[in-house]
Amino acid sequence: MNDKQGLTLALAKGRLFKQMAPLLKVAGIELLEDPDVSRKLEFPTTRPDVKVLVVRSSDVPTYVEYGAADLGVVGKDVLDEHGGRGLYEPLDLGVGACRLSVAGRPGSDWENARQLRVATKYTQQARAYFSEQHETPVQLELIKLYGSMELAPLVGLADVIVDLVDTGNTLRANGLDELKVIRHSTARLIVNKAAAKLKHRKISDFTANLARAVEAEKL
Ligand code: AMP
């Protein structure tokens, strides 16, 4: 259960966590155990009134939407895929910068194709892109995958993929090209709307501290 007095923050492990840890530290919050080593999913922090839940990144908005966490940190791409119901998004944290892109084999004629098989984890955004922004209408077949998307064009499962790209190393290592950037994304702080009212003081202090840490990081 969410603590009625304190604050509960939902975070995802992995690359975003590594980039968030220094910002949280500047804001006075450090986990008392390393989530990459521990098997725990709930962590106390150096601030007795703040605890951290470690969940899958695509689950962060859900935990916050239902109030199991008051706040969360999540990529804009994941937030858009969720839809942002019941959430405020008060702060762009600047970290976790990446882009959602179409990728495929070099020289792929995907833009003129009448039929296109697209493998992605981001089905909502891929559907929106291909139905609204792609110049020619295509007969679209979306194949939902949960990982290793880069394999799909290599083994003929899909013509192209829609996936996150950061350095481009994963695409290059698999002989794929980034064909089109759909949108850019950074991590956002999200807040449960009811918690924003009930814990107004704590949440606005937390947000202000984190905003200061983000500004300090830019200097
Ligand atoms: P890169 O090789 O640096 O371009 O990273 C690409 C791989 O990391 C792909 O498998 C992506 O799904 C994943 N990835 C890149 N950026 C992010 C991010 N901000 N959040 C989660 N996964 C990411």
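This text gives an overview of the structure that appears in the document. The shown structure was predicted, so the numbers you read here are calculated from the model rather than taken from an experiment. (Residues numbered from 1 in each chain as written. Predicted model: local features only at pLDDT ≥ 70, side-chain atom pairs only at ≥ 80, totals over all residues. Heavy atoms only, no water.)

**Things to note about helix α1 (residues 15–26)**
So, point 1. Burial in α1 covers these residues: L16, F17, M20, L23 and L24. Burial along α1 is one-sided: seen end-on, the buried residues are contained in an arc of 125 degrees. Opposite the buried face of α1, by more than 90 degrees, sit the exposed residues R15, K18, K25 and V26.
So, point 2. Positioned one or two residues after α1, G28 has a phi angle of 90 degrees, which is positive. (Buried < 20%, exposed > 50% of the residue type's maximum accessible area, 1.4 Å probe, protein only. Helix = DSSP H or I, 4+ residues; strand = E, 2+ residues; numbered from the N terminus. Arc of directions from axis to C-beta.)

**Some details on the packing of aromatic side chains**
So, point 1. Under the criterion given, the structure shown has two aromatic pairs.
So, point 2. For the ring pair W110 and F130, a centre distance of 6.3 Å and an interplane angle of 85 degrees mean the geometry is edge-to-face. Of this pair, W110 sits in the loop between β6 (98–104) and β7 (115–120) while F130 sits in helix α4 (residues 123–133), and the two are 20 residues apart along the sequence.
So, point 3. On the basis of an interplanar angle of 75 degrees and a centroid distance of 5.0 Å, the ring pair of Y129 and F130 is categorised as edge-to-face.
So, point 4. For Y129, a relative accessible area of 5% gives the class buried.
So, point 5. The rings of W110, Y129 and F130 are connected pair by pair, giving a single aromatic cluster. (Phe/Tyr/Trp six-rings, centres within 6.5 Å; stacked < 30°, edge-to-face > 60°.)

**Describing the sheet that holds strand β4 (residues 71–75)**
What holds strands together in a sheet is hydrogen bonding between their backbones, with the strands either parallel or antiparallel.
So, point 1. Judged by pairing direction, the sheet is mixed, and its six strands sit side by side in the order β2-β3-β1-β4-β11-β5 without closing on themselves. Taken across any chain shown, the strands that pair with only one partner, and hence form the sheet edges, are β2 (42–44) and β5 (87–92). Strand-to-strand twist in this sheet, taken as the mean axis angle between neighbours without regard to direction, amounts to 30 degrees.
So, point 2. Relative to β4, strand β1 (residues 7–12) runs parallel, the two being bridged by two bridges. By the bridge assignment for β4, A10 is matched with G72.
So, point 3. Docked against the sheet, helix α8 (residues 200–218) engages β1, β4, β5 and β11 (187–192), running at close to 30 degrees with respect to β5. (Pairing = 2+ DSSP bridges. Axes fitted to C-alpha atoms, helices over the stretch in contact; angles between N-to-C directions. Contact = heavy atoms within 4.5 Å.)

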